[in-house]
Amino acid sequence: MPAKKVVKDETAGNFLLFLKSSIAFGCGGPESKEKFFQSVFESYIPLLQIFYELRSSNIQPKITMGLSPSVLRCLDAMNRSFEFDRYMSGRIEGAEADYSRNAAGQHKILQRLADFYVKNYKETQSFYFENIRRDILNAFKLLQKEGLIEIAAIPDSEYTSS
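Every chain's residues receive numbers from 1 upward, in the order its sequence appears when written. Local features in this predicted model are restricted to residues whose pLDDT is 70 or higher, and side-chain atom pairs enter the listing and the counts only when it is 80 or higher, whereas totals over whole chains, interfaces and linings include all residues. To obtain the side-chain values, all non-hydrogen atoms of the structure were used and water was disregarded.

(A) Geometry of the overall build of the protein. If you tally the helices and strands in the protein, you get 5 helices and 3 strands. The way it works is that DSSP assigns letters per residue, a run of H or I at least four long becomes a helix, a run of E at least two long becomes a strand, and they are numbered from the N terminus. Seen in sequence order, the protein has helices and strands lined up from the N terminus as β-α-β-α-α-α-α-β. Across the 162 residues of the protein, 35% fall into the buried class. Sequence separation of at least 24 residues holds for 80% of the intrachain contacts in the protein that already meet a minimum separation of 6. Total accessible area on the protein is roughly 10400 Å²; 55% of this is exposed by carbon and sulfur atoms. Between buried and exposed lies partly exposed: a residue is buried under 20% and exposed over 50% of the maximum accessible area for its type, with that area taken using a 1.4 Å probe on protein chains only. Residue contacts are counted whenever heavy atoms from the two residues lie within 4.5 Å of one another. Residue-level accessible areas treat just the shown protein chains as cover; the underlying method is Shrake-Rupley with a 1.4 Å probe.

Set out below in structure tokens:
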């Protein structure tokens, strides 16, 4: 009986990450800008942190990341202003105030939660300034150029059904 031929599935392990967001389409208004900054601070930069950690461990994540034209425009505009820098500092100051407020009270769980956010926000800010030098778009481009992730163009959510 002939030996079975093993066929390697090249697509095994691939993962498509599609972050659907309608808030980036109008990144000009104060409310939409705030929401966009929140998504960058709490999603895009932490994803980049994970991708960079995997890269330093020689692990290829095999992830396809979907980015829409409006998100790319907003990220590009964000790179040219210091509003996001102020947003991050404000989030850290808010978390530190929460920590101080709960340190004197009986809510130690809230103090631990605030401490978690202070540390997490500071690590995210540090990564943004030191590792990717305030350039999220270039960080994604670099990872794609190295073959660690793939960037796929996706339509703006305003033009797709929810």
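There is more to say after this.
(B) Quick peek at the environment of Glu-34. In this fold, Glu-34 is placed in helix H1 (residues 30-56). The partly exposed category is assigned to Glu-34, whose relative accessible area is 40%. On a C-alpha basis, the gap between Glu-34 and Tyr-87 in space is 8.1 Å, while along the polypeptide they are 53 residues apart.

(C) Just the packing of helix H3 (residues 83-103) against helix H4 (residues 108-131), in detail. Where helices are involved, their axes are fitted lines through C-alpha atoms of the stretch in contact, as for all axes, and angles between N-to-C directions lie from 0 to 180°. Relative to each other, H3 and H4 sit at 160 degrees, their axes nearing to 8 Å. Of the possible angle classes, the one that applies to H3 and H4 is roughly antiparallel. For the pair H3 and H4, the sense of crossing is left-handed. For the pair H3 and H4, contact is made by Phe-84, Asp-85, Met-88, Ser-89, Arg-91, Ile-92, Ala-95, Glu-96, Asp-98, Tyr-99, Asn-102 and Ala-103 and by Lys-108, Leu-110, Gln-111, Ala-114, Asp-115, Tyr-117, Val-118, Tyr-121, Lys-122, Gln-125, Tyr-128 and Phe-129, respectively. Residues are grouped as follows: Ala, Val, Leu, Ile, Met, Phe, Trp, Tyr, Cys and Pro are nonpolar; Asp, Glu, Lys and Arg are charged; every other residue, Gly included, is polar. When grouped by side-chain class, the residues that make up the contact of H3 with H4 number 13 nonpolar, 4 polar and 7 charged. Roughly parallel covers angles under 35 degrees, roughly antiparallel covers those over 145, roughly perpendicular covers 65 to 115, and oblique covers all other angles. Left-handed describes a crossing whose near helix is turned anticlockwise from the far helix by less than a right angle; the clockwise case is right-handed.

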